[in-house]
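# Commentary on secondary and tertiary structure
What follows is the residue order along each chain.
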Amino acid sequence: MKKLMMIAVMLLLMSAGYAQVHDSLLLKNRAYTGAVAKRHHYYAIYQLDKNDPKVIQKAIRNINNALNDPRLKGKLSVELIAFSAGTDALLKGSEYENDLKNLVGRGVIVAQCSNTLQERKISKDQLYDFIALVPSGNGELIIRQAEGWAIVKP
Amino acid sequence: MKKLMMIAVMLLLMSAGYAQVHDSLLLKNRAYTGAVAKRHHYYAIYQLDKNDPKVIQKAIRNINNALNDPRLKGKLSVELIAFSAGTDALLKGSEYENDLKNLVGRGVIVAQCSNTLQERKISKDQLYDFIALVPSGNGELIIRQAEGWAIVKP
Amino acid sequence: MKKLMMIAVMLLLMSAGYAQVHDSLLLKNRAYTGAVAKRHHYYAIYQLDKNDPKVIQKAIRNINNALNDPRLKGKLSVELIAFSAGTDALLKGSEYENDLKNLVGRGVIVAQCSNTLQERKISKDQLYDFIALVPSGNGELIIRQAEGWAIVKP
């Protein structure tokens, strides 16, 4: 009987100990305030390959949020690369002309994959005048990543 | 006629040669057993920006799988960053409280984008008590990537 | 009155100046022709975790486009890693056998996450004979990224 009591007490202490460790981890997690930006400059390439308005709007909002992040303000270069269905956002008559011009005005490169134009038989003239053309969107992602750019897919 | 025969034989040999090369490539592919982990430590940041339960569950499962990967066991740091619609998983009353606590218990940082809270008019108190807050989810992704963390989007 | 005129003229000049800067930025953006590939070799790992035929086809098309990109031709290594629902594309009887063999023929590693097989109770024999098996898809992504591979999610 004594033995059983001792085991019970030990188990209780152990579980209390575990709970304390766990709580301290939860508190430690809560105290985290974000990664510290120690570099002089940062780079990100945003992948836009869907024509879902929610995704397009999210991409634009995400880029603006990253540019406004107090940790990155004034030291972030961004490129937005459209391919596949994402091309729709860059076609004349889309509802994103102002948002895209705004991004370019903030220094963002806005570029389109040439492969997609060929595959989908879209002429260059159908894109907004200010859009850049690159050989392939996927090549662009891969080369940029090798240069140290973060690939972000909204 | 002789010439035709010779051409036929040559074509046959060539296609056989091609098939052999191809088969050896297929066998070589099958023999691959995964990248070898040579580093002392690894880092990954998981992006959660959807409230689709399948995606949230996949994110949690993916993180646990990565932590359990024999190649990474005991040498992987993980952060889960929620923004946009992904925030829903971190709101009190969601069905993911235990899973999230479990992740924190395994050393995972679970953090929320402050921008999203502002945009969606969500107060900090609506999040689980143990959630960390960072200036922007996208800034977090970009800074982490620059530090050598892999961005994984489930 | 004179003052008001002066202010009006100044505002006009300022807005003209702004428009000019903006236009020059738009022209500058248009003149961009893609990142320059300066390295000897590049690496990319493609994440396939959905069974939506559009996503599978996009993954295959994306990989071929990257391999064909004039900037990367002959100096790009690619791996395609399937996990979660993406596994479906690698099951015998799927419509992607030829496309996958074609990728292997181009030197692409096509691999499957062992965790997913366990979770979804799929036996190794149900996969095409030539598919490689790795401990976990997420571990693969994380280790590859640490080695300098770009993670691309179609």
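Preceding block: the structure.
Just so it is clear, the structure is predicted and the values come from calculations on it, not from any experiment. (Residues numbered from 1 in each chain as written. Chains lettered and ligands numbered in written order. Predicted model: local features only at pLDDT ≥ 70, side-chain atom pairs only at ≥ 80, totals over all residues. Heavy atoms only, no water.)

### Re the interface of chain A and chain B
Quite often, the size of an interface is put as the accessible area lost when its parts meet. What counts, and what does not: We call two residues contacting when some pair of their heavy atoms lies within 4.5 Å. Accessible area, probed at 1.4 Å, shrinks when two parts are joined; the buried area is that loss added up over both. One speaks of a salt bridge when a side-chain nitrogen belonging to Lys or Arg is within 4 Å of a carboxyl oxygen belonging to Asp or Glu. Pairs of N or O atoms within 3.5 Å make up the polar contacts considered here, provided that, within protein, one atom can donate a hydrogen while the other can accept it, and that residues adjacent in sequence are counted only when both atoms are side-chain atoms. A run of H or I in DSSP counts as a helix once it spans at least four residues, and a run of E counts as a strand once it spans at least two, with each numbered from the N terminus. Basically, the charged four are Asp, Glu, Lys and Arg, the nonpolar ten are Ala, Val, Leu, Ile, Met, Phe, Trp, Tyr, Cys and Pro, and anything else, Gly included, counts as polar.
Each partner contributes residues to the interface: chain A has 34 residues there, and chain B has 35 residues. Across the interface of chain A and chain B, roughly 2700 Å² is buried in total on both sides, 56% from carbon and sulfur atoms. Linking chain A to chain B there are three salt bridges. When the shortest N-O distance is used, the salt bridge between Glu-119 of chain B and Arg-61 of chain A registers 3.6 Å. Linking chain A to chain B there are 20 residue pairs in polar contact (both at pLDDT 80 or more). Mapped by element, the contributors of at least two residues to the side of chain A that touches chain B are α1 (2-30), β1 (42-48), α2 (53-68) and β5 (150-152) of chain A. When grouped by side-chain class, the residues that make up the side of chain A that touches chain B number 19 nonpolar, seven polar and eight charged.

### Some remarks on unusual backbone geometry
The phi torsion of most residues other than glycine is negative, and most of the peptide bonds are trans. A positive phi angle, close to 50 degrees, is found at Ser-84 of chain A, a residue other than glycine. For Ser-84 of chain A, the location among the structural elements is in the loop between β2 (76-82) and α3 (97-105).

### Regarding the packing of aromatic side chains
Residue and element names in this part refer to chain A. The condition is simple: Each Phe, Tyr or Trp ring, with Trp reduced to its six-membered ring, pairs with another whose centre is within 6.5 Å; inter-plane angles below 30 degrees give stacked pairs, above 60 give edge-to-face pairs, and intermediate values give tilted ones. Using a 1.4 Å probe on the protein chains alone, a residue whose accessible area is under 20% of its type maximum counts as buried, one over 50% counts as exposed, and one in between counts as partly exposed. Distance and angle both matter: a charge sits over a ring if NZ of Lys or CZ of Arg is within 6 Å of the ring centre and within 35 degrees of the ring normal.
Tallied over the entire structure, the rule returns six aromatic pairs over all chains. Where Tyr-128 meets Phe-130, the ring centres are 5.8 Å apart and the plane angle is 10 degrees; that geometry is what we call stacked. Note on accessibility: Tyr-128 and Phe-130 belong to one class, buried. The ring centre of Trp-149 lies 4.0 Å from the NZ or CZ of Arg-144, which sits over that ring.

The analysis is restricted to geometry; functional conclusions fall outside its scope.
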